[in-house]
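Coordinates in review
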Amino acid sequence: TRWKNVLFAMGTYAYCRRFPAHAKKTIVGLVKKEVGADVVAALGIPIDIAPGRQHEVLHEAHIAFLQGFLRCRSANPPGDCLTAAAHVTAFLDDTGAPSRIVAGQPHLPNVVGSFDGAGPGRHLVLNGHIDVFPAFDEEDWSGARQDGRLYGRGAADMKAGTAAAVIAYRTLHGLRAQLHGRL
């Protein structure tokens, strides 16, 4: 349940960022009570919800990762996802989160990673895909950021979801000493 609690805390905080400060304090207070102050602190969630530089940097790094991911041409057909897989592995390598490429065919890579927590427990699997439908024009690969939104092929169907799973994996790897089981 510790894995679920960490994912719950991450998701709840990401969602509540758009609320006014007094609502954020209430939500983070509930998250702290549910999952523990140590998890909230380890995730870099400011307890007082004051806009802090650490959170801004983390948020921008995640946006930049997704934006770069959207710019990776990974249309299927033909299914060439080498650039997208390289982008994901570089993001994971940045913090030492383990990953490797497994490919049935050279142009169809799968990024696979796993690690153990501090003790025995259940195995949680995060899954997504990096290929997308073909683009209609070059603008579909822009990863443009406009009015607080990102645009690009895969922003709505799976690259955003896969990016969230990759970010969660990388974050949980940093917390592995406090977790049980395998991811």
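Before reading further, recall that the structure is shown in the block above.
Read on for a plain summary of the structure.

Each value, and the rule that gives it
Along each chain, residues carry numbers from 1 onward, in the same order as the chain's sequence is written. With the structure being a predicted model, the display of local features is reserved for residues of pLDDT at least 70 and the display and counting of side-chain atom pairs for 80 or more, all residues being used for whole-chain, interface and lining totals. To get the side-chain values, all heavy atoms of the structure are used, and hydrogens and water are removed first. Helix and strand assignments follow DSSP, with helices taken as H or I runs no shorter than four residues and strands as E runs no shorter than two, numbered in order from the N terminus. Whether two residues are in contact is decided by their heavy atoms: any pair within 4.5 Å suffices. Salt bridges are identified by distance alone: a Lys or Arg side-chain nitrogen within 4 Å of an Asp or Glu carboxyl oxygen. Stacked, tilted and edge-to-face are the three classes applied to pairs of Phe, Tyr and Trp rings, where Trp contributes its six-membered ring and a pair requires centres within 6.5 Å; stacked means planes under 30 degrees apart, edge-to-face means over 60, and tilted covers the rest. Buried, partly exposed and exposed residues are distinguished by accessible area as a fraction of the type maximum, computed with a 1.4 Å probe on protein chains only: under 20%, between the cut-offs, and over 50%, respectively.

With that settled, the discussion passes to the environment of P98. Locating P98 in the fold gives a position in the loop between α5 (82–93) and β1 (100–103). The spacing of P98 and V112 is 14 residues in sequence and 8.5 Å in space, taken between C-alpha atoms. Apart from residues no more than four positions distant in its own chain, P98 is found in contact with G113, S114, F115, Y169 and H173.

Moving on, we get to the pattern of salt bridges. Under the defined criterion, the tally for this structure stands at 4 salt bridges. Residue D116 pairs with R182 through a salt bridge whose shortest N-O separation is 2.7 Å. Separated by 66 residues along the polypeptide, D116 in the loop between β2 (109–112) and β3 (119–123) and R182 in strand β6 (residues 180–182) bring together distant segments of the chain.

Right, let's get into the packing of aromatic side chains. Per the stated rule, a full pass over the model turns up 3 aromatic pairs. Taken together, a centroid distance of 5.8 Å and an interplanar angle of 15° make the contact between F65 and F69 stacked. Of this pair, F65 and F69 are both found in helix α4 (residues 53–71), 4 residues apart, which corresponds to roughly one turn of the helix. As far as burial versus exposure is concerned, F65 and F69 are alike and both buried.

Function cannot be read off these values alone, since they describe shape.
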